[in-house]
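An overview of the molecular structure
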Number of protein chains: 2
Amino acid sequence: MSDHDQSPHLSASSRNGNSGDALPPVGEHARQYETVRNAHETELIEDYVELIGDLLQHRGEARAADIATRMGVSQATVSKMIRRLNELGLVTSKPYRSLFLTEEGQKMAETSRARHDIVLHFLRALGVDDHTARIDAEGMEHHVSNDTLAIMQRFIDEHAKP
Amino acid sequence: MSDHDQSPHLSASSRNGNSGDALPPVGEHARQYETVRNAHETELIEDYVELIGDLLQHRGEARAADIATRMGVSQATVSKMIRRLNELGLVTSKPYRSLFLTEEGQKMAETSRARHDIVLHFLRALGVDDHTARIDAEGMEHHVSNDTLAIMQRFIDEHAKP
DNA sequence: TATCATTGTTAGCCATGGCTAAACTATTTG
DNA sequence: CAAATAGTTTAGCCATGGCTAACAATGATA
Ligand SMILES: [Mn+2]
Ligand SMILES: [Mn+2]
Ligand SMILES: [Mn+2]
Ligand SMILES: [Mn+2]
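Bear in mind the structure is a predicted one, so any value in this text is a computation, not a measurement.

**Description of the overall build of chain A**
Within chain A, the regular secondary structure consists of 7 helices and 2 strands. Taken from the N to the C terminus, the helices and strands of chain A come in the order α-α-α-α-β-β-α-α-α. Counting all 162 residues of chain A, 51% fall into the buried class. A sequence separation of at least 24 residues applies to 55% of the contacts in chain A between residues at least 6 apart. Summing over all exposed atoms, chain A offers an accessible surface of approximately 8,100 Å²; the carbon and sulfur share of this is 52%.

In structure tokens, the structure reads:
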């Protein structure tokens, strides 16, 4: 609970009585929450697959132990998760050997990584410092629609390194 | 699974070999994931409390049935959740009566709502259409640090309604 | 007032994502 | 080669957040 907590950063549009934002129609509102619930279902999977892809690319291999330290969870947790990724057809794994991504796994890794990068670069372009941007991007990435991604990308291109 | 899925929106900085983004140091990386896990623990609570606050403000009362339809979950799910909110000291509830927020609940509702508003208004100011902005904000809000929030607020103020 | 529709609760089920402890396999090293 | 160390898996526990089905209370209305 270090950072992401309460903030009295409200000003202008947020402070002024807030009359501008009524409740959305029920159906729409429900669909918003549903979208978030759906994202939560795939989030972790995506992070694992993305991380495995990154480890393969940068380190040449992806071992369970590395994943455990990188993710900050126990080896048991990783082991269980790998079984699941296997069942989902995203990785192949021989015991005591490096993991590899299937075709499908590679596609997911690429997609997730591209998305992650856009969000990260966008935050930096916005003026967020690198450390914070990395933290925020790791969580935000799973909740950014393609429309918004495209707009973020445009923003990056416009505010490119001067 | 309507929207938030694969996107080949990659361009510029995302496409070009990606050599610019090596793996972060292990400890830092682990702390990123940890922050996300922490956010997930409080997310739902925040959304409930925020919604209850909104219902109280806009409708005068917050009944379990309304929450269930608004959130798109079963009444049983809501009932269980209300018990939890009660145990956490965030709401008071007499059976078959409207819910109310405790002091602490009200604080959380205000904070969450302020944050939610900033993210929503930021997305709109960025150029995201209202419908998409609402969906994205509902998920993103829980993963935006105070630093980033402040920057978003500044962006809103600068790009205010002309 | 008696009935019925709405609202709320409870019980019991399931999947997910954590954990620790214990067992087992591989690799390194004395 | 034997022993120690490192890596992996399995078993069993727990909390969370969904669900359905059955039941209970409230409040409208016939
Ligand atoms: Mn990611
Ligand atoms: Mn992530
Ligand atoms: Mn919210
Ligand atoms: Mn939310």
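So that's the structure; there's more coming.
**Some remarks on the coordination of the manganese ion (ligand 3)**
Ideal values for angles at a metal depend on the geometry: 109.5 degrees with four tetrahedral donors, 90 or 180 degrees with six octahedral donors. Residues and elements named next belong to chain B. Within the protein, Glu50 (OE), His116 (ND1), Glu141 (OE) and Glu141 (OE) serve as the donor atoms for the manganese ion (ligand 3), at 2.1 to 2.5 Å. All donors of the manganese ion (ligand 3) belong to a single chain; written as a sequence motif, their spacing is E-x65-H-x24-E. If you look at the manganese ion (ligand 3) and the manganese ion (ligand 4), they sit 3.5 Å from each other and are both ligated by glutamate 141. Taken together, the residues glutamate 50 in helix H2 (residues 26-59) and glutamate 141 in the loop between helix H6 (130-140) and helix H7 (146-158) connect sequence positions 91 residues apart. Taking the relative accessible area as the measure of exposure, glutamate 50 reaches 7% and is therefore buried. Given a relative accessible area of 0%, glutamate 141 falls into the buried group.

**What to know about unusual backbone geometry**
All names here are of chain B. Even without glycine at this site, tyrosine 96 takes up a positive phi of about 65°. Structurally, the position occupied by tyrosine 96 is in the loop between strand E1 (91-92) and strand E2 (100-101). Judged by its relative accessible area of 76%, tyrosine 96 falls in the exposed class.

**Considering the pattern of salt bridges**
Residues and elements named next belong to chain A. In the structure shown here, the tally under the stated rule is 12 salt bridges over all chains. When the shortest N-O distance is used, the salt bridge between glutamate 61 and arginine 63 registers 3.4 Å. As a salt-bridge pair, arginine 134 and aspartate 130 come within 2.9 Å of each other at their nearest N and O atoms. Separated by 4 residues within a single helix, arginine 134 and aspartate 130 lie in helix H6 (residues 130-140), roughly one turn from each other. Taking the relative accessible area as the measure of exposure, aspartate 130 reaches 32% and is therefore partly exposed. What emerges from the salt-bridge pattern is a single network uniting Asp54, Arg113 and Asp117.

**Here we look at helix H5 (residues 103-126) of chain B**
Helix length check: H5 of chain B (24 residues) gives 35 Å between terminal C-alpha atoms against 34 Å at 1.5 Å per residue, within 8%. Directly after H5 of chain B, the chain includes glycine 127 of chain B, whose backbone phi takes a positive value near 120°.

**Looking at the packing of aromatic side chains**
Here the structure, examined in full by the defined rule, presents 4 aromatic pairs over all chains. Between phenylalanine 122 of chain A and phenylalanine 122 of chain B, the ring centres sit 6.2 Å apart and the planes meet at 55°, which makes this aromatic pair tilted. Residue phenylalanine 122 of chain A is located in helix H5 (residues 103-126), and its partner phenylalanine 122 of chain B is located in helix H5; the two belong to separate chains. Side by side, phenylalanine 122 of chain A and phenylalanine 122 of chain B carry an identical accessibility label, which is buried. Of the aromatic side chains, those joined through ring pairs into one cluster are Phe122 and Phe155 of chain A together with Phe122 and Phe155 of chain B.

**Details of the protein's contact with DNA strand C**
Taken together, 20 residues sit near DNA strand C, with Thr77, Lys80 and Arg84 of chain A together with Ala65 and Gln75 of chain B positioned nearest. A share of 61% of the atoms of DNA strand C within 4 Å of the protein falls on sugar and phosphate groups. Within the side chain of tyrosine 96 of chain A, a nitrogen or oxygen atom sits 3.0 Å from a sugar or linking oxygen of DNA strand C. Taking alanine 65 of chain B, its main chain carries an N or O atom lying 2.6 Å from a phosphate oxygen of DNA strand C. For the surface near DNA strand C, the secondary-structure elements that each account for two or more residues are helix H4 (75-87) of chain A together with helix H3 (64-71) and helix H4 (75-87) of chain B. It is H4 of chain A that contributes the most residues to the surface near DNA strand C, 5 residues altogether.

**Points about the protein's contact with DNA strand D**
The local shell around DNA strand D holds 20 residues, among which Ala65 and Gln75 of chain A together with Thr77, Lys80 and Arg84 of chain B are the closest. What you see for DNA strand D is that sugar and phosphate hold 57% of its atoms within 4 Å of the protein. Here a phosphate oxygen of DNA strand D sits 3.0 Å away from a polar atom, N or O, in the main chain of serine 74 of chain B. One nitrogen or oxygen atom from the side chain of tyrosine 96 of chain B is found 3.3 Å from a sugar or linking oxygen belonging to DNA strand D. Counting residues per element, the ones that place at least two in the surface near DNA strand D are helix H3 (64-71) and H4 of chain A together with H4 of chain B. Across the surface near DNA strand D, the residue classes tally to 10 nonpolar, 4 polar and 6 charged.

Thresholds applied
- Residues numbered from 1 in each chain as written.
- Chains lettered and ligands numbered in written order.
- Predicted model: local features only at pLDDT ≥ 70, side-chain atom pairs only at ≥ 80, totals over all residues.
- Heavy atoms only, no water.
- Helix = DSSP H or I, 4+ residues; strand = E, 2+ residues; numbered from the N terminus.
- Buried < 20%, exposed > 50% of the residue type's maximum accessible area, 1.4 Å probe, protein only.
- Contact = heavy atoms within 4.5 Å.
- Areas by Shrake-Rupley, 256 points an atom, 1.4 Å probe, with all protein chains shown as cover.
- Donors = N, O, S within 2.8 Å, 3.2 Å for Na, K, Ca; no water.
- Salt bridge = Lys/Arg side-chain N within 4 Å of Asp/Glu carboxyl O.
- Expected span 1.5 Å × (residues − 1).
- Phe/Tyr/Trp six-rings, centres within 6.5 Å; stacked < 30°, edge-to-face > 60°.
- Near = heavy atom within 4 Å.
- Polar contact = N/O pair within 3.5 Å; in protein donor to acceptor, adjacent residues only side chain to side chain.
- Nonpolar A, V, L, I, M, F, W, Y, C, P; charged D, E, K, R; others polar.

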